[in-house]
Number of protein chains: 4
Amino acid sequence: MDKENIIKEIEEVQLDNPIVLEGLPGIGFVGKIVIDQIVKQLDAVKFAELQSDFFPPQVTMKKNGLVEHMKNEFFYIKDFGEDNQDVILLTGNSQGSDFEGQISISKLLINYFEDLNVKRIYTLGGLGTGEMIEKSKIFIAGNNKELIDEIAEIENTEIRKDEGGAIIGASGLLLYYGEEKGIDAACLMGETPGFYVDPNAAKEMLLVLFKLLKFEIDLQELNEQVADTLERLSHNPQFGQIAEPQVQKSTEDLRYIG
Amino acid sequence: MDKENIIKEIEEVQLDNPIVLEGLPGIGFVGKIVIDQIVKQLDAVKFAELQSDFFPPQVTMKKNGLVEHMKNEFFYIKDFGEDNQDVILLTGNSQGSDFEGQISISKLLINYFEDLNVKRIYTLGGLGTGEMIEKSKIFIAGNNKELIDEIAEIENTEIRKDEGGAIIGASGLLLYYGEEKGIDAACLMGETPGFYVDPNAAKEMLLVLFKLLKFEIDLQELNEQVADTLERLSHNPQFGQIAEPQVQKSTEDLRYIG
Amino acid sequence: MDKENIIKEIEEVQLDNPIVLEGLPGIGFVGKIVIDQIVKQLDAVKFAELQSDFFPPQVTMKKNGLVEHMKNEFFYIKDFGEDNQDVILLTGNSQGSDFEGQISISKLLINYFEDLNVKRIYTLGGLGTGEMIEKSKIFIAGNNKELIDEIAEIENTEIRKDEGGAIIGASGLLLYYGEEKGIDAACLMGETPGFYVDPNAAKEMLLVLFKLLKFEIDLQELNEQVADTLERLSHNPQFGQIAEPQVQKSTEDLRYIG
Amino acid sequence: MDKENIIKEIEEVQLDNPIVLEGLPGIGFVGKIVIDQIVKQLDAVKFAELQSDFFPPQVTMKKNGLVEHMKNEFFYIKDFGEDNQDVILLTGNSQGSDFEGQISISKLLINYFEDLNVKRIYTLGGLGTGEMIEKSKIFIAGNNKELIDEIAEIENTEIRKDEGGAIIGASGLLLYYGEEKGIDAACLMGETPGFYVDPNAAKEMLLVLFKLLKFEIDLQELNEQVADTLERLSHNPQFGQIAEPQVQKSTEDLRYIG
């Protein structure tokens, strides 16, 4: 079998040098929560879907017993925020289940974005710390120094200087392949414990995006989820003690390579 | 090497819009036990066999020292039950050993079922709970709301509303690919501890199928196996304490994505 | 990259309906020890070598610091034993490192054996028990009932009746592919603890082969290795307590599938 | 997707029968530290880069927040050392992430080296011992007995006589594929605990290379890293007790195969 990825377009879109916000499932589901909130509140329009033989061989269930196949979804919003930019939102219920799949899918994504004249990409992810966090900082890395510096001027952000630390999956590869296509791209990483779905980090990420992209959405649902999460965590005391985050940090202390 | 799947037909069958019952090896072997009982008691006729380079590189032994290769098997029964439906029974001693294999085989299965004019598919599996169960409930999910609701009217069934929970392997993929082909499909999941072969869940599954498909078979052999399993479990006290089921549940408590 | 397997022939051989003895690395290295002893003592002639991109990406070291690549090796002995049969001996330092590799290599082997007019195959392996063993029994399974019964007449052998138990790797697949080619094949499995190289099981295997193939070789080197192993094990008391064998047994006690 | 490896040449080089020094990431990063020091101090010129779909799907971060893709890099130094040899230095931030990748990349490397008229290859790696080491010995293995013996005359070296022990990854495969191309190749393995980046083993490796290749570089930076590592280890007492090295040793004590 030749494993295939297919982008099925529902609607042919005409977008004016759009920017992309990517929030696929990852550490703490931080990026996915952010994109889901924007899609829901701003009535983003779904225009395409990516299906792939690299997604896990499963379906997931919905609230009503109907099943859903694994997929990535593309939405757009025209004249987004005060700058009236066109925006593409990428999210989904899966990433490629192996290394080959992640590379194959990210290559397809970047080609598609190039076809759509995308001028900038923001990938949104989590940075697992393995510890409970009061207020998640948003770390930045990217393929363009000016872009990084621009974002770093926003409150509660910080350029990530973890030499050798890895950004895995689509959030990392889109920076690399973007660079090859001449598309500026930055990754925003919300600090998160890494062992549960984290609406709190998503909220801090949104607050940064509000300033970066000059828009706003309501935070009430997220605030409720934060309160609810804290409530639930208070009944799961062991969560505070899990020591192994899923994030890949460089073993900075014993590293000299450069 | 190009890995191949082949369906070898033993007999060319003429079936009238058959329904499919799939029970390949899975959690608790629930589906496989059910199909094996129907095949044996109703003299189902084997008409095809699927061989695959995606099955594990092994043979298994039979009672007499002869070996058996890995395979899936297709049986049919004409004029099955009170509705006189034609039925295809799919079982075997293996599923694809990796993600690619499971996808590749399920695609071949759905194409074959389409060729055979299959009008409906029931996939039979186990839902591991990690705990001993007095009376297994049969959960339902599917690609068609009316079909789900119809099954849910039967005693001891319940629509599965575990948002984000996964159905893995052929039992899940046949729902997805079925939907793409316009074939209604539902998955029946028998609650099972998940750490031993479970004739008890298979029996409850059969009781539901009796009503759904208007047929009956003898339960004596299954009852003996249930008694025997309980006897054996009573000598393996640790079975009651295994905490990790193989089933993939959504981590519902800390999930807000939707 | 298309991964390749190549058989490089050193000498073009003319053999008269040879029988094959396969002893590739496996549980306890039982089969490999047996073949190595026969090759060494009876001056078997190497006539071909299999190289494969499916072997692990490594070289191993020899006693003198020179390295050796991963390979399987074919030897022959003409007019072997009292029956003057031609014999092919297959051994090596590796098996395919993944499922695809094991299937791909076994298919190539059976095609090669068919070309060489092989009439019978004996695959030699270990059956891990997870426990120390006084005297290893030799278990038998195969693709031909008469062949199995013939071997089972030899002292210290027993037909393996572990329904559902698996024979993995080349020792299993050659039985399956042999059957498809019309080549009778049996697997001889020497009981072995499974967690160390076991010359003792190899010796018991040889004693059975002496009667089966009507030949004899000196056992002095093996006896020394057995004594040496026992001596070393006496200094490694924990060996006697390892609980998890590498063998795949059916979970017979809780199985009813048939 | 067909996974690809590409060597992108930055500069077309004319080298006179160069020797290769390979130091890709591996146990203790011994080889990589050595190559990085030579590249930095002797102003080696980067002339090519290898990019591969077999590298992990990630980017790593640099000190300034910019990201770096996974790659291998080729540098050259003309008229190196007292013998005025042309030298190629190979290093990078990754090796192939699976067996297929390591084989595929090593085959490409050896073909490239053949095109560049390489006459000799030294692969530099670590030999994990699982124990803290006062002074790392440099072990030698290779595809040519004369070459091994020549290196073994240098102080603090020893021919590795670990029968059956494996050299994994590019450091091993280049010996094998080198032999097939008629290129002499040896692997130098620096003893290292194996659970941290080890500048100490790298320093001992360099001292051997000074004599082998008749050159010298400053050791001050390495000495500082050694001191710093010791300081840090003194605060991580558990490092001294880790029992499982990543190295593959033959289980010599219980092995008789040959």
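What counts and what doesn't
- Per chain, the residues get numbers from 1 upward, laid out in the order the sequence is written.
- Chains and ligands are labelled by the order in which they are written, letters from A for the one and numbers from 1 for the other.
- Confidence filtering applies because this is a predicted model: local features only for residues at pLDDT of at least 70, side-chain atom pairs given and counted only at 80 or more, and all residues used for totals across whole chains, interfaces and linings.
- Strands qualify as paired when DSSP identifies two bridges or more between them.
- Strands are runs of DSSP state E lasting at least 2 residues, helices are runs of H or I lasting at least 4, and numbering of each runs from the N terminus.
- Structural elements are reduced to axes, namely lines fitted to C-alpha atoms, with helices fitted over the stretch in contact, and the angle between N-to-C directions of any two is expressed from 0 to 180 degrees.
- What sets the superposition is a least-squares fit of C-alpha atoms, and only residues with pLDDT of at least 70 in both copies go into it.
- Exposed residues have 12 or fewer other C-beta atoms within 10 Å of their own C-beta, buried residues have 20 or more, and partly exposed residues fall in between, where C-beta atoms are placed from the backbone.
- This entry defines residue contacts through backbone-placed C-beta atoms, with two residues in contact when those atoms are within 7 Å.
- Any angle between 65 and 115 degrees counts as roughly perpendicular, while under 35 counts as roughly parallel, over 145 as roughly antiparallel, and the rest as oblique.
- What makes a crossing left-handed is the near helix being turned counterclockwise from the far one by less than a right angle; a clockwise turn instead makes it right-handed.
- Charged residues are taken to be Asp, Glu, Lys and Arg, nonpolar residues to be Ala, Val, Leu, Ile, Met, Phe, Trp, Tyr, Cys and Pro, and polar residues to be all remaining types, Gly included.
- When buried Ala, Val, Leu, Ile, Met, Phe, Trp, Tyr and Cys residues are joined through C-beta atoms within 7 Å, the set is termed a nonpolar core.
- Helix span, as expected, comes to 1.5 Å for every residue beyond the first.

Asker: Hey, could you run me through the sheet that holds strand β4 (residues 58–61) of chain A in this one?
Answerer: Two orientations exist for strands paired in a sheet by backbone hydrogen bonds: parallel and antiparallel. Strand order in the open sheet formed by three strands is β5(A)-β4(A)-β11(B), with antiparallel pairing between adjacent strands. Two strands in the sheet have a free side with no partner beyond their single neighbour: β5 (67–69) of chain A together with β11 (166–168) of chain B. Adjacent strand axes in the sheet meet at a mean angle of 35° when their direction is disregarded. Inspection of the sheet shows β4(A) paired to β11(B) by three bridges, in the antiparallel sense. Counted as the bridge partner of A:Thr60 is B:Ala166 from β11(B).

Asker: Got a minute to help me understand the relation of the copies chain D and chain A in this structure?
Answerer: Mapping between the two chain copies consists of a rotation about an axis together with a translation along that axis. For the pair chain D and chain A, the relating rotation is 90°, the translation along its axis is 0.0 Å, and the fit reaches an RMSD of 0.0 Å. Taken together, the turn and the small shift mark the pair as related by a four-fold rotation axis. The position closest to the rotation axis in chain D is occupied by the C-alpha of D:Asp2, lying 6.6 Å away.

Asker: Quick question: what am I supposed to make of the pairing of strand β1 (residues 5–9) of chain C here?
Answerer: Side-chain direction in a regular strand flips from residue to residue, so the side chains alternate between the two faces of the sheet. All names here are of chain C. Burial of β1 is sparse: only zero of the five residues sit out of reach of the surface. Judged from the five bridges that link them, β1 and strand β3 (residues 45–52) form a sheet pairing that is antiparallel. If you follow Lys8 over to β3, its bridge partner there is Glu49.

Asker: Would you mind showing me how to read the interface of chain D and chain A here?
Answerer: Interface size is often expressed as the accessible area that is lost when the parts come together. Listed as interface residues are 27 residues of chain D and, on the opposing side, 31 residues of chain A. When residues in the side of chain D that touches chain A are grouped by element, the largest group, four residues, is from strand β4 (residues 58–61) of chain D.

Asker: Whenever I open this one, the packing of helix α2 (residues 99–115) of chain C against helix α4 (residues 170–181) of chain C confuses me. Can you help?
Answerer: What describes two packed helices is the angle between their axes and the distance between those same axes. Residues and elements named next belong to chain C. With their axes 9 Å apart at the nearest point, α2 and α4 run at an angle of 45° to one another. Accordingly, the angle class assigned to the pair α2 and α4 is oblique. Remark: the crossing between α2 and α4 carries right-handed chirality. Here Gln102, Ile103, Ile105, Ser106, Lys107, Leu109, Ile110 and Glu114 of α2 lie close against α4, whose contacting residues are Ala170, Leu173, Leu174, Tyr177, Gly178 and Lys181. When grouped by side-chain class, the residues that make up the contact of α2 with α4 number eight nonpolar, three polar and three charged.

Asker: For this particular structure, what's the right way to read the environment of B:Gly92?
Answerer: Among the secondary structure elements, B:Gly92 is positioned in strand β7 (residues 85–92). Separated by 19 residues in the primary sequence, B:Gly92 and B:Glu73 place their C-alpha atoms 5.4 Å from one another.

Asker: Please clarify how the nonpolar core should be interpreted in this entry.
Answerer: Nonpolar side chains in soluble globular proteins generally cluster together in the buried interior. Formed by 69 residues in total, the largest nonpolar core has its most connected members in C:Leu188 and C:Met205. In this structure C:Leu188 touches C:Tyr122, C:Leu124, C:Ile138, C:Ile140, C:Met205 and C:Val208, once residues within four positions along its chain are discounted.

Asker: Even after reading the chapter, I still don't get helix α2 (residues 99–115) of chain B, so can you show me in this structure?
Answerer: A turn of α-helix holds 3.6 residues, and therefore any two residues three or four places apart point the same way. Residues and elements named next belong to chain B. Over its 17 residues, α2 extends 25 Å from the first C-alpha to the last, a length consistent with the 24 Å expected when each residue adds 1.5 Å. Of all the residues in α2, the buried ones are Phe99, Glu100, Gly101, Gln102, Ile103, Ser104, Ile105, Ser106, Leu109, Ile110 and Phe113. Buried residues in α2 make contact with β1 (5–9), β2 (19–22), β3 (45–52), β8 (120–128) and α4 (170–181). Backbone geometry just after α2 places Asn117 at a positive phi near 60°.

Asker: Looking at this structure, how should I read the sheet that holds strand β11 (residues 166–168) of chain C?
Answerer: One open sheet accounts for three strands, arranged β5(B)-β4(B)-β11(C); its pairing is antiparallel. Looking at the sheet topology across the chains shown, the edges are occupied by β5 (67–69) of chain B together with β11 of chain C. On average, adjacent strands in this sheet sit at an angle of 35° to one another, irrespective of strand direction. Where strand β4 (residues 58–61) of chain B lies against β5(B), three bridges are found, and the strand directions are antiparallel. Within β5(B), the position partnered with B:Met61 by the bridge is B:Val67.

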